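Residues per chain are reported as follows:
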Amino acid sequence: MKQLFLLALMSVAVSSVSADDPPPRIEVSVNIPRLNVSEYHRPYVAVWIQDKNRKVVANLAVWYQIRGNNKDEGTKWLPDLRQWWRRSGRSLDHPVDGVSGATRPAGEHTLQFTGDEKRFANMRRGDYELVVEAAREVGGREMVQIPFSWPPTKTSTQTQSGETELGDVSLTIR
Amino acid sequence: MTRFLLSALAVAVIGTTGFAHKVWLRPSQTQLSGAEPWVTVDAAVSNDLFYFNHFPLGLDGLVITAPDGNQVEGENQSVGKYRSVFDVPLHQQGTYRIAIVNGGVFASYEQGGQRRRFRGSIESLEKEIPADATNLRVTERLGRIETFVTNGAPTDEALKPTGKGVELVPVSHPNDLYVGEESTFRLLVNGKPAKGLEIELIRGGTRYRDAQDEVHLTTDANGEFSVTWSEPGMYWLETSTEDKETSVPQATSRYLSYAATFEVLPQ
C-alpha cells in the first residue's frame, strides 16, 4: 500500500514537469526477421533506455524462454544478452514485473508506454538511447541503438535496421 | 603415482625459474544465471593455453569459496591423463573464488659426494632426506592457482584475502572485464600490497598464433597494475616472488607463486 502511494507520488512528480500537457507516448516496434536456418530458435530480446554513460534508466522488455518444465530454466541463457546482462539484467530478480515476457516469433512486435509510468521516473531532461539487443541460440547477437532527447518537443519517428538478428527497429515519441 | 604428480607440479610451480610450463584452472564460463547453474572447471599443467597436453593438476589443494565466504566442495572430481576436472553448482548468487592452494618444499643436498634434489610435502621432508645428507638447502613453496565465476551480479565477499602468499584483490571485479576497457587489480603478498611484482599476462588460444604475445606488467607502490583489454578471450596471469617467512624450520627462503584465469568478454 505504501508502495502504491509512493508510485502515485512519483507519477505526479513526472507529469508535473510538462504542466497540463498529457504525458509523452513512447512506441517501440521491433522486427524479428524470419531466418532460413536449419535449426531456428526464437531470439532472446532485451529493450531498454540508457543514458550517455550507458547506465540503464528504464527497462522496457526482456523476452526469454519462460515456459518449460523448470520455471527458471530459460534464465540460464540471459547472459547471452551481453550488454543488457551487464548493465541491468544480472542485478534483477527474474521474472521482472512488467518487463519479462515470452520469446516472440518472427514478425513485428510493438511496445507502447506512457511517459508517466514508474519505469520512466528516473528520466531527467537530456539525451538518451533506445537499445534493442537480440541473441539467438546457435545463432548470433546484435544490437540496434536509436538516440533521442527527453522530454520530446515534437512527434518524431526514427528507424534503424539490424543486419542479422534484428530487422527494423523504430522509436516513435509523441 | 602421487609422488610423480607432486614432482610434476613442483616443476610447474617453479616455472619462472626456467621451465615454460603453465599451471591453470579454466572454468567453462565465468558469468552465469538461472535457477542453479553449474560451472565445470579444467585443471592442468601445459605449455600452451589452454590445452591439455602435459599433465593434470592435482586437486588436493582445491579450495572453493562461495559468495557468503564459506567453503564448498568441488563435485565430480576426476584426475585424468592430461587434465583434472571438477564441477561447482552455484547455489548462491554472487562470486565464487575457485583456487588450488599448494604448499610444500624443494630441497637440495649432497650425499656421498652426489648432488641430490627433493620435492614434496613439508611432512615428507624429514622422512625422505637421508641422515647423512650434507649441505642441505630447503626452500618452502606456496602456490595459489585460481579463477572466479559469478552467478548473477558480482560480489566481493569471497575475494577477501587470506593473508597467505600472493593474492589478487579486485579494484576492477575479475568477472566484469570487457574489451576496450581498462581494468585494475591489486596484488598482495602476505596480505600487504606488493610493489614491483613482475606479471606475465597471456591470452588463450596460443596454438592458433605464432607467438605467445605475452604482456609484461609490474605492480606500482600500491601493488596495483592496470591492463586495457584489446581482445576477448580467456587470459592467464602469472607472477612469483620470494620471502623469508618460512614455516618450515629447515627452510631458509620461501617461494611464492600465483596464477589466475580471467575471462574478457566482447562489448
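For the structure, check the block above.
Read on for an overview of the structure. From a predicted model like this one, the values you see are computed outputs, not experimental measurements. (Residues numbered from 1 in each chain as written. Chains lettered and ligands numbered in written order. Predicted model: local features only at pLDDT ≥ 70, side-chain atom pairs only at ≥ 80, totals over all residues. Heavy atoms only, no water.)

1. Overview of the overall build of chain B
No. 1: Of the regular secondary structure elements, chain B holds 2 helices and 19 strands.
No. 2: What you see for chain B is a C-alpha radius of gyration of 19 Å, in line with the 18 Å of a compact globule of 267 residues.
No. 3: Oriented by its inertia axes, the alpha-carbon framework of chain B measures out at about 65 × 40 × 40 Å.
No. 4: Burial statistics for chain B: of 267 residues in total, 53% are counted as buried.
No. 5: Contacts in chain B between residues far apart in sequence, at least 24 positions, make up 66% of those at least 6 positions apart.
No. 6: Of the roughly 12,100 Å² of accessible surface on chain B, a fraction of 47% belongs to carbon and sulfur atoms.
No. 7: Distance between charge centres in chain B, computed from 24 positive and 34 negative side chains, equals 7 Å. (Helix = DSSP H or I, 4+ residues; strand = E, 2+ residues; numbered from the N terminus. Rg over C-alpha atoms; globule rule 2.2 N^0.38 Å. Buried < 20%, exposed > 50% of the residue type's maximum accessible area, 1.4 Å probe, protein only. Contact = heavy atoms within 4.5 Å. Areas by Shrake-Rupley, 256 points an atom, 1.4 Å probe, with all protein chains shown as cover. Lys, Arg positive; Asp, Glu negative; His and termini not counted. Charge placed at Lys NZ, Arg CZ, Asp CG, Glu CD.)

2. Here's the deal with the overall build of chain A
No. 1: Summing up its helical and strand segments, chain A has 2 helices and 9 strands in all.
No. 2: Moving toward the C terminus, one meets the helices and strands of chain A in the order α-β-β-β-α-β-β-β-β-β-β.
No. 3: Per element, the accessible surface of chain A, about 9,800 Å² overall, is 47% carbon and sulfur.

3. Examining the interface of chain B and chain A
No. 1: Listed as interface residues are 15 residues of chain B and, on the opposing side, 15 residues of chain A.
No. 2: Carbon and sulfur atoms make up 44% of the surface buried where chain B meets chain A, a total of about 1,200 Å² over both sides.
No. 3: Inspection of the chain B/chain A interface yields 4 salt bridges.
No. 4: Across the pair Asp176(B) and Arg86(A) runs a salt bridge whose closest N-O atoms are separated by 2.8 Å.
No. 5: Remark: the boundary between chain B and chain A carries 9 residue pairs in polar contact (both at pLDDT 80 or more).
No. 6: Its residues assigned to classes, the side of chain B that touches chain A shows 7 nonpolar, 6 polar and 2 charged. (Buried area = accessible area lost by both parts, 1.4 Å probe. Salt bridge = Lys/Arg side-chain N within 4 Å of Asp/Glu carboxyl O. Polar contact = N/O pair within 3.5 Å; in protein donor to acceptor, adjacent residues only side chain to side chain. Nonpolar A, V, L, I, M, F, W, Y, C, P; charged D, E, K, R; others polar.)

4. A word on the sheet that holds strand β4 (residues 100-102) of chain A
Residue and element names in this part refer to chain A.
No. 1: Strand order in the open sheet formed by 5 strands is β4-β3-β2-β6-β7, and the pairing between neighbours is mixed. Each edge of the open sheet carries a strand with a single partner, namely β4 and β7 (141-150). This sheet shows a mean twist of 15 degrees between the axes of neighbouring strands, independent of strand direction.
No. 2: Of the strand pairs in this sheet, strand β3 (residues 56-64) and β4 are connected by 3 bridges, and their pairing is parallel. Its bridge partner being in β4, Trp 63 is matched across the sheet by Gly 101. (Pairing = 2+ DSSP bridges. Axes fitted to C-alpha atoms, helices over the stretch in contact; angles between N-to-C directions.)

5. Details of the nonpolar core
No. 1: Within the largest apolar cluster, 29 residues are counted, with the highest numbers of intra-cluster contacts made by Leu25(B), Phe86(B), Val88(B), Ile98(B) and Ile100(B).
No. 2: Listed by contribution, the elements that provide at least two residues to this core are β1 (22-27), β3 (38-46), β5 (62-65), β8 (84-89), β9 (94-111), β11 (134-151) and β18 (233-243) of chain B.
No. 3: For this core, the element with the highest residue contribution is β3(B), accounting for 5 residues.
No. 4: With sequence-adjacent residues up to four places away left out, Val88(B) is seen in contact with Pro37(B), Trp38(B), Val39(B), Ile64(B), Tyr96(B) and Ile98(B).
No. 5: Of all hydrophobic cores here, the second largest spans 28 residues; its members include Ile32(A), Phe113(A), Leu166(A) and Leu171(A). (Core = buried A, V, L, I, M, F, W, Y, C linked by side-chain atoms within 4.5 Å.)

6. Let's talk about the environment of Ile199(B)
All names here are of chain B.
No. 1: Residue placement: Ile 199 occurs in strand β15 (residues 198-203).
No. 2: Look at Ile 199 and you get buried, because its relative accessible area is 1%.
No. 3: In this structure, the C-alpha to C-alpha distance between Ile 199 and Thr 219, residues 20 residues apart in sequence, is 7.8 Å.
No. 4: With near-sequence residues (within four places) excluded, Ile 199 lies in contact with Leu 187, Val 215, His 216, Leu 217, Thr 219, Phe 225, Leu 237, Glu 238 and Thr 239.

7. Brief notes about the packing of aromatic side chains
Residue and element names in this part refer to chain B.
No. 1: With the rule as written, the count across this model stands at 13 aromatic pairs over all chains.
No. 2: Their ring planes at 65 degrees and their centres at 4.8 Å tell us that Trp 229 and Tyr 235 sit as a pair that is edge-to-face. Side by side, Trp 229 and Tyr 235 carry an identical accessibility label, which is buried.
No. 3: Linked through ring pairs, Phe 148, Phe 185, Phe 225 and Phe 262 together constitute an aromatic cluster.
No. 4: The residue whose ring lies beneath Arg 83 is Phe 52, and the NZ or CZ to ring-centre distance is 4.8 Å.
No. 5: The ring centre of Tyr 51 lies 3.7 Å from the NZ or CZ of Arg 207, which sits over that ring. (Phe/Tyr/Trp six-rings, centres within 6.5 Å; stacked < 30°, edge-to-face > 60°. Lys NZ or Arg CZ within 6 Å of the ring centre and 35° of its normal.)

The values are spatial; any link to function lies outside them.
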